[in-house]
Amino acid sequence: MNYRLEIINKARKIWALNPIFLDTETTGLGGRAEIIEICLVDAFGIKLIDTLVRPRSPIPPDAVQLHGIENNQVAGAKTWLQVWPEIEILLKSRYVGIYNAEFDLKMMQQSHRVNGLVWKPPGTQFFDIMKMYADFAGHSKWQKLEFAARQCGLVPPQVHRAYQDTLLARGVFMFMAGENPS
């Protein structure tokens, strides 16, 4: 069996388990970066949560330039300590697809650490759509979400925000599973 067919079969099996999809926006990429926006959607693309998160540190200008989320927008938002209990319930014992899971999981762990929480995923099975897509498409390196989406016939939105990126990641995964990414 070829590797592409293995990825298709894996995607179909996961799709049958009714996965959810997650994306975050952050204050940056480094070891002290925090989540400032998180979104989870179900297999139908329905929002389970889509919220801004007030970080402990200001959002640097280079991060604002990337996603457009400014400090005044998160000033009245709930903190990670306040939003995590709801997120934890949504993640519990679920399959969760993330485009570049390594990054988002690292940011969740860092947001936990900054807020004095211990990272214990609630029986969640995370899977990395970016790595699956690289194997599916036969790329020797990982592709940006926008590039993968275009290759799957999806039109990326003009904004780089958690909800839009979650829907794109869901669409790429659906394409691999042979589902219609509507």
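The structure we're discussing is the one just above.
One structure accompanies this document, and this report is about it. (Residues numbered from 1 in each chain as written. Predicted model: local features only at pLDDT ≥ 70, side-chain atom pairs only at ≥ 80, totals over all residues. Heavy atoms only, no water.)

It is worth spelling out the overall build of the protein chain at this point. Check the secondary structure of the protein chain and you find 8 helices and 5 strands. Helices and strands in the protein chain line up, N terminus first, as α-β-β-β-α-α-α-β-α-β-α-α-α. Relative to the compact-globule value of 16 Å for 182 residues, the protein chain shows a C-alpha radius of gyration of 16 Å, a close match. For the protein chain, the residues scored as buried account for 48% of the 182 residues in total. Summarising the internal contacts of the protein chain: among those between residues at least 6 apart in sequence, 64% fall at separations of at least 24. Counting only carbon and sulfur atoms, one obtains 52% of the accessible surface of the protein chain, whose full area is about 9,400 Å². (Helix = DSSP H or I, 4+ residues; strand = E, 2+ residues; numbered from the N terminus. Rg over C-alpha atoms; globule rule 2.2 N^0.38 Å. Buried < 20%, exposed > 50% of the residue type's maximum accessible area, 1.4 Å probe, protein only. Contact = heavy atoms within 4.5 Å. Areas by Shrake-Rupley, 256 points an atom, 1.4 Å probe, with all protein chains shown as cover.)

If you look at the biggest cluster of nonpolar residues, it comprises 29 residues, and the most contacted ones within it are Y99, I129, Y133, V172, F173 and M176. Of all the elements in the fold, those that place two or more residues in this core are α1 (3–16), β2 (35–41), α6 (129–137), α7 (145–151) and α8 (162–177). Excluding residues that lie within four positions of it along the chain, I129 makes contacts with F21, G97, I98, Y99, A169, V172, F173 and M176. Membership of the second largest hydrophobic core comes to 20 residues, among which are V53, W80, L90 and L91. (Core = buried A, V, L, I, M, F, W, Y, C linked by side-chain atoms within 4.5 Å.)

The 5 strands are arranged β3-β2-β1-β4-β5 in an open sheet whose pairing can be described as mixed. Among the strands making up the open sheet, the edge pair consists of β3 (47–52) and β5 (125–128). On average, each strand axis in the sheet is tilted by 25° relative to the strand beside it, whichever way the strands run. Bridging between β2 and β3 involves 5 bridges; their strand directions are antiparallel. Considered in β3, the bridge of I38 is made with T51. Strands in contact with α8 are β1 (20–26), β2, β3 and β5; relative to β1, the strand with the most contacts, it is inclined by about 140°. (Pairing = 2+ DSSP bridges. Axes fitted to C-alpha atoms, helices over the stretch in contact; angles between N-to-C directions.)

The next point concerns the packing of α1 against α6. Relative to each other, α1 and α6 sit at 140°, their axes nearing to 8 Å. Put simply, α1 runs oblique to α6. Crossing handedness for the pair α1 and α6: left-handed. Taking contact as the criterion, the partners of Y3, R4, I7, I8, K10 and A11 in α1 are, on α6, M132, D135, F136 and A137. Grouping the amino acids of the contact of α1 with α6 by side-chain chemistry returns 7 nonpolar, no polar and 3 charged. (Parallel < 35°, antiparallel > 145°, perpendicular 65-115°, else oblique. Left-handed = near helix turned anticlockwise from the far one by under 90°. Nonpolar A, V, L, I, M, F, W, Y, C, P; charged D, E, K, R; others polar.)

One can find I14 in helix α1. In the structure, I14 is positioned 82 residues away from V96 in sequence and 9.4 Å away in space, judged by C-alpha atoms.

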